[in-house]
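# Descriptive structure summary
The lines below spell out each chain.
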Amino acid sequence: MSATRAPSVRRLALYSALCGLVMAGGVALGVWQLSRAAEKISLAHAQETRAALPILEGNVLVKLQAESAAPDQHSLAKSADTLTLAHRRVVLRGHWLTNRTIYLDNRQMDDRMGFYVVTPLQLDMGKAGQSGPLVLVQRGWIARNFEDRARLQPVPTPDTLVEVTGRVESNLSRTFAFAGSDEEKGSSPIRQNLDWREFQTETGMDVASFVVIETGGPSEGLKRNWPAVDLGLQRHYGYAFQWFALAALAFFLYLRLGVASFIRHRRRRIAELQPPNSSS
C-alpha cells in the first residue's frame, strides 16, 4: 500500500475527534436517561409516602387548595398547586350532578374496551346550606356497546348525600386523541379527554383544580380495577443501554479502524526504511 493511501496522522486525528464526539454524546445521553429513571423512582417513593398519610376530608382538601392560591385569587379553580396533595387518600361528601356525567371513550379494563365514567360531585362543606366547588370524580369503568357507540349503559346514581372515597390526582385519565376527534364540547357526554379547566369553561361553575379517582370494589355497575401507573423505567434503562453501547462501539471502531491501522502503517513504513541485510 502506498504512503498516500495509508492512514496518516491527520486522518488519525480526524478519527479521534469523531470518536470523541460520539462517545461524549452517547455517555451524556445514557447518563441523562439514568437520571430520568432515578427521578421517576423518587417520584414513586413520594407518591407511596403521600398515599400512606391519613385520609383527608373533602372540606379540608378544599381549604388546603385555597390556601395555596395567590392572595388575589379567591376561586379554588384558579389555584394550581396540586402536586403536594396528589395521591393523598380522600373522602368526599356531596351530591352528584348526574346530568353532567361524562364518558371518557377508548378506555381499557380487564382487556376490554369501554368508558371511564366521570361525574361532578357538588361538595357538602359540612355547614347548613353551604356548598363547595364541583369535584370531577372518575367513578369507574363500564363496557361499551359495539353495535351502537352512542348507546350508553345507564349508571345508577343516587340523588341523596353520598360519601366517596378515592385518591387525589392532578387530572383525569388521558389518552391519545386526533385533532377534532372529540365530540362537540358540551353537546355530547362522550369525550376522548376532559380537563377540569375545560369543564369549568363549559359549565361556568366553580370547579376544583384537582380530581378524585374513586377507589374500592365494583358498585353501581362500575369496575375500579385501575391500572398501575407505568413509570417507564425499563424504557429509560433500555435507552441508556443503547447510548452506552453506541459509545462503546465508537471506541471499538476507533481502535480497530483508526489506531490499529495507523500502527500497522507505521511499522510497515519503518520496515521499508530499514536497509536490507547484506550477505558477506
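Since the model is a prediction, treat every value here as computed from it, not as a measurement.

## A short note on the pairing of strand 8 (residues 207-214)
Burial runs high along strand 8: eight of the eight residues are buried. Two elements, strand 6 (residues 162-169) and strand 8, share four bridges in a ladder whose sense is antiparallel. Paired with Arg 167 across the two strands is Ile 213, which belongs to strand 8.

## Considerations on helix 1 (residues 9-51)
The end-to-end C-alpha distance of helix 1, which contains 43 residues, comes to 63 Å, matching closely the 63 Å that a straight helix rising 1.5 Å per residue would cover. Looking at helix 1, one finds that the buried residues are Leu 12, Cys 19, Gly 26, Gly 30, Gln 33, Ala 37, Lys 40, Ala 44, Gln 47 and Arg 50.

## So, the side chain of Thr 101
Tracing the chain through its elements places Thr 101 in the loop between strand 2 (89-96) and strand 3 (102-109). Of the residues examined, Thr 101 reaches a relative accessible area of 10% and is grouped as buried. In terms of polar contacts, Thr 101 uses its side chain to reach the backbone carbonyl oxygen of Thr 98, at 2.8 Å. Other than its neighbours up to four places away in sequence, Thr 101 contacts Val 117, Val 118, Thr 119, Pro 120 and Pro 189.

## Side note on the packing of aromatic side chains
Inspection of the entire model under this criterion finds two aromatic pairs. Each ring, one from Tyr 103 and one from Phe 115, has its centre 6.0 Å from the other, and the planes form 85 degrees; the classification is edge-to-face. Of the two residues, Tyr 103 sits in strand 3 while Phe 115 sits in strand 4 (residues 112-124), which places them twelve residues apart along the sequence. For the pair Tyr 103 and Phe 115, one class covers both residues: buried. Ring centres of Tyr 116 and Trp 226 lie 5.0 Å apart, and the angle between their planes is 85 degrees; this geometry places the pair in the edge-to-face category. One end of the pair, Tyr 116, is in strand 4; the other, Trp 226, is in the loop between strand 8 and helix 4 (233-273), with 110 residues separating them in the sequence. Here Tyr 116 and Trp 226 have matching classes, each one buried. It is Arg 139 that lies over the ring of Trp 96; its NZ or CZ is 4.5 Å from the centre.

## Details of the confidence of the model for the protein
Averaged over all residues, the pLDDT of the protein equals 80, while 82% of them reach at least 70. Below a pLDDT of 50 lies the segment residues 1-6, which in the model reaches seven contacts outside its immediate sequence neighbourhood of four places, other chains included. Long-range and interchain partners of residues 70-81, a stretch whose pLDDT sits below 50, account for 22 contacts in this model, where long-range means more than four residues apart.

## Remarks on the layout of surface pockets
In this structure, the largest pocket encloses a volume near 740 Å³. Looking at the lining of the largest pocket, the elements with two or more residues in it are helix 1, strand 3 and strand 6. Grouping the amino acids of the lining of the largest pocket by side-chain chemistry returns eleven nonpolar, nine polar and six charged. Here the second largest pocket defines a volume of roughly 170 Å³. Every residue along the wall of the second largest pocket is listed here: Ala 44, Gln 47, Glu 48, Ala 51, His 87, Arg 167, Glu 169, Val 229 and Leu 231. The set of elements that each furnish at least two residues to the lining of the second largest pocket consists of helix 1 and strand 6. If you tally residues by element for the lining of the second largest pocket, the top one is helix 1, at four residues. Taken together, the residues of the lining of the second largest pocket sort by class into four nonpolar, two polar and three charged.

## Digging into the pattern of salt bridges
For the coordinates displayed, the defined rule picks out ten salt bridges. Note that Glu 214 is salt-bridged to Arg 224, the shortest N-O span being 3.4 Å. Taken together, the positions of Glu 214 in strand 8 and Arg 224 in the loop between strand 8 and helix 4 put the pair ten residues apart, joining distant regions of the chain. For the residue pair Glu 214 and Arg 224, the accessibility class agrees, reading buried in each case. Salt bridges here are not isolated pairs; linked through shared partners, they connect Glu 57, Arg 93 and Glu 163.

## Describing a nonpolar patch on the surface
Where nonpolar side chains cluster on the molecular surface, the patch consists of Val 22, Leu 29, Trp 32, Tyr 239, Trp 243, Leu 246, Leu 249, Phe 252, Leu 253 and Leu 257 and spans about 900 Å² of accessible area. Among the elements of the structure, helix 1 and helix 4 are those that each provide at least two residues to the nonpolar patch. Relative to the helices and strands, Tyr 239 resides in helix 4. The exposure class of Tyr 239 is partly exposed, given its relative accessible area of 38%.

## Re the side chain of Asn 193
Among the structural elements, Asn 193 can be located in the loop between strand 7 (190-191) and helix 3 (196-203). A polar contact of 3.3 Å, which involves the side chain of Asn 193, links it to the side chain of Arg 107.

Calculation rules
Residues numbered from 1 in each chain as written. Predicted model: local features only at pLDDT ≥ 70, side-chain atom pairs only at ≥ 80, totals over all residues. Heavy atoms only, no water. Buried < 20%, exposed > 50% of the residue type's maximum accessible area, 1.4 Å probe, protein only. Helix = DSSP H or I, 4+ residues; strand = E, 2+ residues; numbered from the N terminus. Pairing = 2+ DSSP bridges. Expected span 1.5 Å × (residues − 1). Polar contact = N/O pair within 3.5 Å; in protein donor to acceptor, adjacent residues only side chain to side chain. Contact = heavy atoms within 4.5 Å. Phe/Tyr/Trp six-rings, centres within 6.5 Å; stacked < 30°, edge-to-face > 60°. Lys NZ or Arg CZ within 6 Å of the ring centre and 35° of its normal. pLDDT = per-residue confidence, 0-100. 1 Å grid on protein atoms, 1.4 Å probe; cavity = no way out; pocket = protein on both sides within 12 Å on 5 of 7 lines; lining within 4 Å. Points joined across faces, edges and corners; volume = space filled by probe spheres on them. Nonpolar A, V, L, I, M, F, W, Y, C, P; charged D, E, K, R; others polar. Salt bridge = Lys/Arg side-chain N within 4 Å of Asp/Glu carboxyl O. Patch = residues over 30% accessible without salt bridge, like charges linked within 9 Å, V, L, I, M, F, W, Y side chains within 5 Å. Areas by Shrake-Rupley, 256 points an atom, 1.4 Å probe, with all protein chains shown as cover.

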